[in-house]
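# Report on the structure
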Amino acid sequence: MIQTVDTRPVLIAGGGIGGMSLALTLQQIGVPCIVLEAVASLQPLGVGINLQPNAVRELYDLGIDDRILDTIGIQAREWALVGRNGSDIYAEPRGLLAGYRWPQYSVHRGRLQMLLYRTVLERLGEDAVRLGHRVTGYRNHEAGVTALVETRDGRQSEIEGRLLIAADGLHSAVRAQMHPGQPPIQWGGAILWRGTTPGVPIRSGASFVGVGSLRHRVVLYPISPPDPATGLATINWIAEITVDNSKGWTLGDWNRRVSVDEFIHHFEGWNYGWLDVPAMLRGAREVFEYPMIDRDPVPTWVDANVALLGDAAHVMYPVGSNGASQAIVDARVLGASLLQHGVTSAALRAYDDKLCADISALVLRNRGAGPFGILGLVDERCGGVFDDIDAVIPRDERDAFMARYKAAAGFAIETLNAAPPTIAPGARISSA
Ligand SMILES: Cc1cc2nc3c(=O)[nH]c(=O)nc-3n(C[C@H](O)[C@H](O)[C@H](O)COP(=O)(O)OP(=O)(O)OC[C@H]3O[C@@H](n4cnc5c(N)ncnc54)[C@H](O)[C@@H]3O)c2cc1C
């Protein structure tokens, strides 16, 4: 019998951090793929994000190591929570200083996406990414899947693939077709204003610091090293308040450019000497307003030859700094599944079994404020007013709280350090 080689690619909807990480993973294991990206031109959009050591490990395994990541961000050294009174509530070392074998990185989201995009073009060739191709839906058939595509000029077309992986983000069209009854986006009442301001890094020089209370806080961390001439780094900040959400999100846009005057009154007087919050907020060239949103988890991310990945699968509140990290990890777990089960729907089911339930639980855990939940405990126990934090929440309790979060999010130190690589070096799919 003559065996034919199936040369149809795996189709990836969306060229964000998840989609590009998957393209690099598939190239590494020898599976042809194409990225279909809706926008006509990728731009370095967004502000700061954190890459946890579990995701950095996967980037290293893709050949994107510290020499490359150091060009788009910095290695984080500390994670700290500070009360509205300016006193420490919790602080722990992060990344290599915490004993991980891989660092945690604070980077600019857009610069990371562009780095991954350039790497995809270098390794897979220019034809691997089709810009201006919006995936609007799919048709499963026994031997594969047809992606329904609309190009920028409004033309409809169909592209055949062996599998379709939807990494098309928060508003995923594929997820909407897979789960037509899904509830609308969920907003819990928190509003975030985000920007970057040149500033002198505080504390360790690479600290992620949350100041305030559960419902009213500022988070800041540098995403660049200090400029040797000025000593100023790019400080990423997020100012946040929680309001009544009973009327839903009425401001329309999900990502609105706003003037600092619209919200700075919430942070008037937040000047600690070592940190002048109003000055930091005023120093940003542009500020974006986002509601803190997610989606209710779905029971499965897979429909036959189609799977969801990244935000399309599990958009979550950004309280644990793990949305982008999880998208990268998803891509690698999917790659490992393909190695084990071939380029088949069985591989998608194994990926679903491994991740969907646990990461859906993480989505719900992040609604409970994730690691910022410690601030909620302080609010409950002393209304945020304390002289000695140990009398409010003993150190052991704070440590146990953080350890539980890291275990759920897949970056518990000993577990991660001891785990074998998700994809063994040199592993290739034989039948691809
Ligand atoms: C413009 C932008 C800015 C962001 N800024 C921040 C930030 O500042 N901080 C932060 O923590 N997180 C930010 N995020 C979210 C963060 O990038 C994600 O949580 C995380 O990286 C997971 O990535 P993802 O690849 O699953 O989704 P995304 O990063 O959202 O990428 C999805 C990609 O799919 C494309 N796409 C959408 N619909 C379709 C379709 N139907 N067909 C084909 N392509 C499609 C989008 O253009 C995008 O390139 C931002 C996302 C975007 C898109």
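The rules we used
Residues numbered from 1 in each chain as written. Predicted model: local features only at pLDDT ≥ 70, side-chain atom pairs only at ≥ 80, totals over all residues. Heavy atoms only, no water. 1 Å grid on protein atoms, 1.4 Å probe; cavity = no way out; pocket = protein on both sides within 12 Å on 5 of 7 lines; lining within 4 Å. Points joined across faces, edges and corners; volume = space filled by probe spheres on them. Helix = DSSP H or I, 4+ residues; strand = E, 2+ residues; numbered from the N terminus. Nonpolar A, V, L, I, M, F, W, Y, C, P; charged D, E, K, R; others polar. Near = heavy atom within 4 Å. Polar contact = N/O pair within 3.5 Å; in protein donor to acceptor, adjacent residues only side chain to side chain. Areas by Shrake-Rupley, 256 points an atom, 1.4 Å probe, with all protein chains shown as cover. Pairing = 2+ DSSP bridges. Contact = heavy atoms within 4.5 Å. Axes fitted to C-alpha atoms, helices over the stretch in contact; angles between N-to-C directions. Salt bridge = Lys/Arg side-chain N within 4 Å of Asp/Glu carboxyl O. Buried < 20%, exposed > 50% of the residue type's maximum accessible area, 1.4 Å probe, protein only. Phe/Tyr/Trp six-rings, centres within 6.5 Å; stacked < 30°, edge-to-face > 60°. Lys NZ or Arg CZ within 6 Å of the ring centre and 35° of its normal.

Here we come to the layout of surface pockets. What the second largest pocket holds in volume is close to 670 Å³. Of all elements in the fold, only helix H2 (53-61), helix H8 (323-341), helix H9 (345-367), helix H12 (395-409) and helix H13 (413-418) reach the threshold of two or more residues within the lining of the second largest pocket. Considering only residue class, the lining of the second largest pocket consists of 14 nonpolar, seven polar and four charged.

A few words on the site of the ligand. Close to the ligand lie 28 residues, the nearest being Gly18, Glu37, Val47, Arg109 and Asp311. Here an oxygen atom of the ligand and a side-chain polar atom of Glu37 are 2.6 Å apart. Considering the ligand on its own, with 920 Å² of exposed area, one finds that the protein chains cover 82% of that surface. Top element by residues in the shell around the ligand is strand E9 (residues 133-141). It accounts for three residues. Looking at the shell around the ligand residue by residue, the classes come out as 12 nonpolar, 10 polar and six charged.

What follows covers the sheet that holds strand E19 (residues 302-303). Sheet architecture is open: six strands sit in the order E8-E2-E1-E12-E20-E19, paired in mixed fashion. The outermost strands of the open sheet, each flanked by one partner alone, are strand E8 (129-130) and E19. Sitting on the sheet, H9 touches strand E12 (164-166), E19 and strand E20 (306-308), and the angle it makes with E20 is about 25 degrees.

Under the defined criterion, the tally for this structure stands at 18 salt bridges. The salt bridge partner of Arg367 is Asp294, with a shortest N-O separation of 2.8 Å. Note that Arg367 is positioned in helix H9 and Asp294 in strand E18 (residues 287-294), a separation of 73 residues in sequence. Looking at Asp294, the relative accessible area reads 0%, which means it is buried. Notably, a salt bridge pairs Arg367 with Asp296, separated by 2.7 Å at the nearest N-O pair. Within this pair, whereas Arg367 is found in helix H9, its partner Asp296 is found in the loop between E18 and E19, the two being separated by 71 residues in sequence. What makes Asp296 partly exposed here is its relative accessible area of 30%.

With that out of the way, let us pick up the packing of aromatic side chains. Enumeration according to the criterion identifies 10 aromatic pairs in this entry. Plain terms: the ring middles of Trp193 and Phe263 are 4.6 Å apart, the flat faces sit at 5 degrees to each other, and that makes the pair stacked. Here Trp193 is found in strand E13 (residues 186-199), whereas its partner Phe263 is found in the loop between strand E17 (256-258) and helix H6 (277-282), with 70 residues between them in sequence. With respect to class, Trp193 is no different from Phe263; both count as buried. Ring pairs connect the aromatic residues Trp79, Tyr90, Phe208, Tyr221 and Phe372, which therefore count as one cluster. Cation over ring: Arg194 sits above Tyr290, and NZ or CZ is 5.7 Å from the ring centre. Over the ring of Phe372 we find Arg217, and its NZ or CZ is 4.0 Å from the ring centre.

Time to look at the environment of Asn54. Tracing the chain through its elements places Asn54 in helix H2. Using a relative accessible area of 7% as the deciding quantity, one classes Asn54 as buried. Residues Asn54 and Ile413, spaced 359 residues apart in sequence, show a C-alpha to C-alpha distance of 9.3 Å. Aside from chain neighbours lying at most four places away, what touches Asn54 is Ser325, Val329, Ala409, Gly410, Phe411 and Leu416.

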